[in-house]
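Residue-level listing of the chains:
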Amino acid sequence: MQLVVARIGRAHGIKGEVTVEVRTDEPELRLGPGAVLTTEPASAGPLTIESGRVHSGRLLLRFEGVRDRSAAEALRNTLLIAEVDPEELPEDPEEFYDHQLIDIDVVTVDGTEVGRVSEISHLPYQDLLVVKRPDGGEVMIPFVSEFVPEIDLEEQRAVIDPPPGLLDEAAAEIAGSRKDEAESGRKKDETDGGRKGDTAGGREDESS
């Protein structure tokens, strides 16, 4: 089975290195020296990783045969694809491959149907479950234990505990309107920085 493990970014320096947007929880395994990866578009590969290093928090790779900036820049936005045994599982039981999560059902902790996972979005700061709603819309759930306390692969189900307003846009809009009203009603001589702690749903302390 093929899995997208990275996307090539811009060239770095003049010796053929490229920045990489990692899309795997195991970069040391999938993106290590000697790894041979197919590509999308296919005409860009296959590519063999010659070396890798971390610079300013980003992974830099050099591929065999890519020796200058022009050749590296020509690879920009190319997807790197690894062959993975479909029966293989991550060593950490709290980690999952993308293909394990695609198409599983998503419900809230009280059993309310939310939709089905259509995609995993790997952002620099966190991963997101992209959930297709029954009405055709989409909602993005931060893939952290606070909001996704349970993944049951046998039942093909993800249980989520979303913060207020994440699923119910109407509730979020009402909360936002109340906040705006409270802001406009404050006295002009309030000092800057006097804002009360905001919650995930944007609500303020009702006693204020």
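Residues numbered from 1 in each chain as written. Predicted model: local features only at pLDDT ≥ 70, side-chain atom pairs only at ≥ 80, totals over all residues. Heavy atoms only, no water.

**Concerning the pattern of salt bridges**
Under the convention used in this document: Each salt bridge in this description consists of a side-chain nitrogen of Lys or Arg and a carboxyl oxygen of Asp or Glu lying within 4 Å of one another. Strands are runs of DSSP state E lasting at least 2 residues, helices are runs of H or I lasting at least 4, and numbering of each runs from the N terminus.
In this structure the tally under the stated criterion is six salt bridges. In this structure, Glu50 and Arg67 form a salt bridge, with 2.9 Å as the shortest nitrogen-oxygen distance. With Glu50 in strand β4 (residues 47–55) and Arg67 in the loop between β5 (58–63) and α2 (69–73), this pair connects stretches of sequence that are 17 residues apart.

**Here we look at the sheet that holds strand β9 (residues 127–132)**
Either a parallel or an antiparallel arrangement is found when strands of a sheet pair, and the pairing is made through backbone hydrogen bonds. The condition is simple: Two strands pair if DSSP finds at least two bridges between them. Working convention: axes come from line fits to C-alpha atoms, limited for helices to the stretch in contact. Angles between N-to-C directions cover 0 to 180 degrees.
Spatially, β10-β9-β8-β7-β12-β11 is the arrangement adopted by the six strands of the open sheet, whose pairing is mixed. The outermost strands of the open sheet, each flanked by one partner alone, are β10 (138–142) and β11 (150–152). The mean inter-strand angle of the sheet, taken between neighbouring strand axes irrespective of direction, is 35°. With three bridges connecting them, strand β7 (residues 105–108) and strand β8 (residues 113–122) associate as antiparallel partners. Looking across to β8, one finds that Asp105 is bridged to Arg116.

**Some remarks on the confidence of the model for the chain**
Note: predicted coordinates in regions of low pLDDT should not be interpreted at a detailed level. This is how it is decided: As a per-residue measure, pLDDT tells how confident the predictor is, with possible values from 0 to 100. Whether two residues touch is decided by their heavy atoms; if any such pair falls within 4.5 Å, the residues are in contact.
Residues with a pLDDT of 70 or more make up 75% of the chain, whose mean pLDDT is 78. Here residues 170–208 scores under 50 on pLDDT; set against residues more than four positions off or in separate chains, the count is 21 contacts.

**A few points about unusual backbone geometry**
Selection rule: Under the scheme applied here, a residue whose accessible area is under 20% of the maximum for its type counts as buried, over 50% as exposed, and between as partly exposed, the area being computed with a 1.4 Å probe on protein chains only.
Going from Glu40 to Pro41, the amide bond is cis rather than trans, its omega being 10°. Tracing the chain through its elements places Pro41 in the loop between β3 (36–40) and β4. Following Gly45, the chain continues to Pro46 via a peptide bond in cis, the omega torsion being 0°. Turning to its location among the elements, Pro46 is positioned in the loop between β3 and β4. The phi angle at Asp103 is positive, at roughly 80°, despite the residue not being glycine. Its place among the elements puts Asp103 in the loop between α3 (98–101) and β7. Its identity is not glycine, yet Gln156 carries a phi of approximately 55°, on the positive side. Mapped onto the elements, Gln156 comes out in the loop between β11 and β12 (157–160). Of the residues examined, Gln156 reaches a relative accessible area of 34% and is grouped as partly exposed.

**Regarding the pairing of β5**
Summarising burial for β5: five of the six residues are buried, a large majority. Across three bridges, the pairing between strand β2 (residues 17–22) and β5 is antiparallel. If you follow Thr19 over to β5, its bridge partner there is Leu60. Across six bridges, the pairing between β4 and β5 is antiparallel. From the neighbouring strand, Val54 faces β5, where its bridge partner is Leu59. The antiparallel pairing of β4 with β5 creates a hairpin that spans two residues between the two strands, and Ser56 there sits at a positive phi of about 55°.

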